[in-house]
Amino acid sequence: MSDTDAVGDADSKPARKSKYDYSSGLPPLNINYKWCKACNICIALCPQQVFEPDRDGKPVIARADDCTQCTICWVHCPDFAITSNYK
């Protein structure tokens, strides 16, 4: 391996975690805040830690690019307040 190969490997971009491209403007998930009761189940169960609580304790999508559309948040939401914009 030459020195240029090692430098080229260091400059390569890391692989995206999600197979979905969110650059179109739509967020990966839609949260209906009228239905949400701020139980924080989605925040606790998200394996990618996409959500952060707002000042009222309701989830906010803080890291949209990390969302893998794993379905855990909207399947476990007791109020059906979370839906996917891509599935």
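Up top is the structure these notes are about.
All values reported here derive from a predicted model rather than from experimental measurement.

(A) Local environment of the overall build of the protein. Helix and strand counts for the protein come out as three helices and four strands. The secondary structure elements of the protein, listed N-terminal to C-terminal, are α-β-α-β-β-α-β. Looking at the protein as a whole, 24% of its 87 residues qualify as buried. The long-range fraction of contacts in the protein, counting pairs at least 24 apart against all pairs at least 6 apart in sequence, stands at 58%. Of the roughly 6000 Å² of accessible surface on the protein, a fraction of 53% belongs to carbon and sulfur atoms.

(B) Examining the environment of Cys-70 more closely. Mapped onto the fold, Cys-70 is located in the loop between strand S3 (59-61) and helix H3 (72-76). Its relative accessible area of 36% is what places Cys-70 among the partly exposed residues. On a C-alpha basis, the gap between Cys-70 and Gln-48 in space is 9.4 Å, while along the polypeptide they are 22 residues apart.

(C) Looking closely at the pattern of salt bridges. Within the structure shown, the criterion is met by two salt bridges. Measuring nitrogen to oxygen at the nearest pair gives 3.9 Å for the salt bridge that ties Lys-37 to Asp-79. Note that Lys-37 is positioned in the loop between strand S1 (29-31) and helix H2 (41-45) and Asp-79 in the loop between H3 and strand S4 (82-84), a separation of 42 residues in sequence. The exposed category is assigned to Lys-37, whose relative accessible area is 53%. Between Arg-63 and Glu-52 there is a salt bridge; the shortest N-O distance is 2.7 Å. Placement of the pair is Arg-63 in the loop between S3 and H3 and Glu-52 in strand S2 (residues 51-53), with a sequence separation of eleven residues. Overall, Arg-63 belongs to the partly exposed group, its relative accessible area being 29%.

So, how was this worked out
- Residues numbered from 1 in each chain as written.
- Predicted model: local features only at pLDDT ≥ 70, side-chain atom pairs only at ≥ 80, totals over all residues.
- Heavy atoms only, no water.
- Helix = DSSP H or I, 4+ residues; strand = E, 2+ residues; numbered from the N terminus.
- Buried < 20%, exposed > 50% of the residue type's maximum accessible area, 1.4 Å probe, protein only.
- Contact = heavy atoms within 4.5 Å.
- Areas by Shrake-Rupley, 256 points an atom, 1.4 Å probe, with all protein chains shown as cover.
- Salt bridge = Lys/Arg side-chain N within 4 Å of Asp/Glu carboxyl O.

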